[in-house]
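# Report on the structure
So you can see what is in the structure, the chains are spelled out below.
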Amino acid sequence: MFGDFMGMMGKLKETQEKVKATKERLNTVLIDESSSDGKMRVTLTANREIKSIAIEDSLLQDKEQLEDYLVLTLNKAIEKATNVNEAELSAVAKEGMPNIPGMDSLFK
């Protein structure tokens, strides 16, 4: 029993290290998103850190339109980045979890 507990603790520590490494790697995974007409492009990491925003000059003439483009394009990019982030971290966590009854339903 005690040996099993120590084994589980070791496995959890290993999983924590893998999660940390995955989070660091996700800083290098870039997500690109463009507005439907291509007038704005946004790049962010899978950890949802904005790296660049490119705006076509025609959008600079209308403040409200620019704000709308920013909101829509950033939200689409953040949604994509969140999906990548959650999938990667969930896979690492699920892989490293010890077989505890009832815990498998947390990662579905």
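Attention in this report is confined to the structure presented alongside it.

Rules of the game
Residues numbered from 1 in each chain as written. Predicted model: local features only at pLDDT ≥ 70, side-chain atom pairs only at ≥ 80, totals over all residues. Heavy atoms only, no water. Helix = DSSP H or I, 4+ residues; strand = E, 2+ residues; numbered from the N terminus. Buried < 20%, exposed > 50% of the residue type's maximum accessible area, 1.4 Å probe, protein only. Contact = heavy atoms within 4.5 Å. Polar contact = N/O pair within 3.5 Å; in protein donor to acceptor, adjacent residues only side chain to side chain. Core = buried A, V, L, I, M, F, W, Y, C linked by side-chain atoms within 4.5 Å.

### Some points on the environment of glutamate 88
Tracing the backbone shows glutamate 88 in helix H2 (residues 63–96). With a relative accessible area of 30%, glutamate 88 lands in the partly exposed category. Remark: the alpha-carbon pair of glutamate 88 and threonine 22, spanning 66 residues in sequence, is separated by 7.4 Å.

### Some details on the side chain of serine 35
Along the chain, serine 35 falls in the loop between strand S1 (30–34) and strand S2 (40–45). The class of serine 35 is buried, set by a relative accessible area of 9%. Setting aside residues up to four positions removed in sequence, serine 35 forms contacts with Met40, Tyr69, Thr73 and Lys76.

### So, the environment of tyrosine 69
Within the fold, tyrosine 69 resides in helix H2. The sequence separation of tyrosine 69 and lysine 39 amounts to 30 residues, and the corresponding C-alpha distance is 8.5 Å. In this view, tyrosine 69 contacts Ser35, Asp37, Lys39, Met40, Leu59 and Leu74; residues no more than four positions away in its chain are not counted. Looking at tyrosine 69, its side chain comes within polar contact range of the side chain of aspartate 37, at 2.4 Å.

### Quick notes on the nonpolar core
Listed in full, the 10 residues of the largest apolar core are Ile31, Met40, Val42, Leu44, Leu59, Leu66, Tyr69, Leu74, Ala77 and Ala81. Only S2 and H2 provide two or more residues apiece to this core. No other element matches the five residues that H2 contributes to this core. Core analysis: the next-biggest nonpolar cluster, separate from the first, contains five residues, Leu26, Ala46, Leu89 and Val92 among them.

By themselves these figures say nothing about function.
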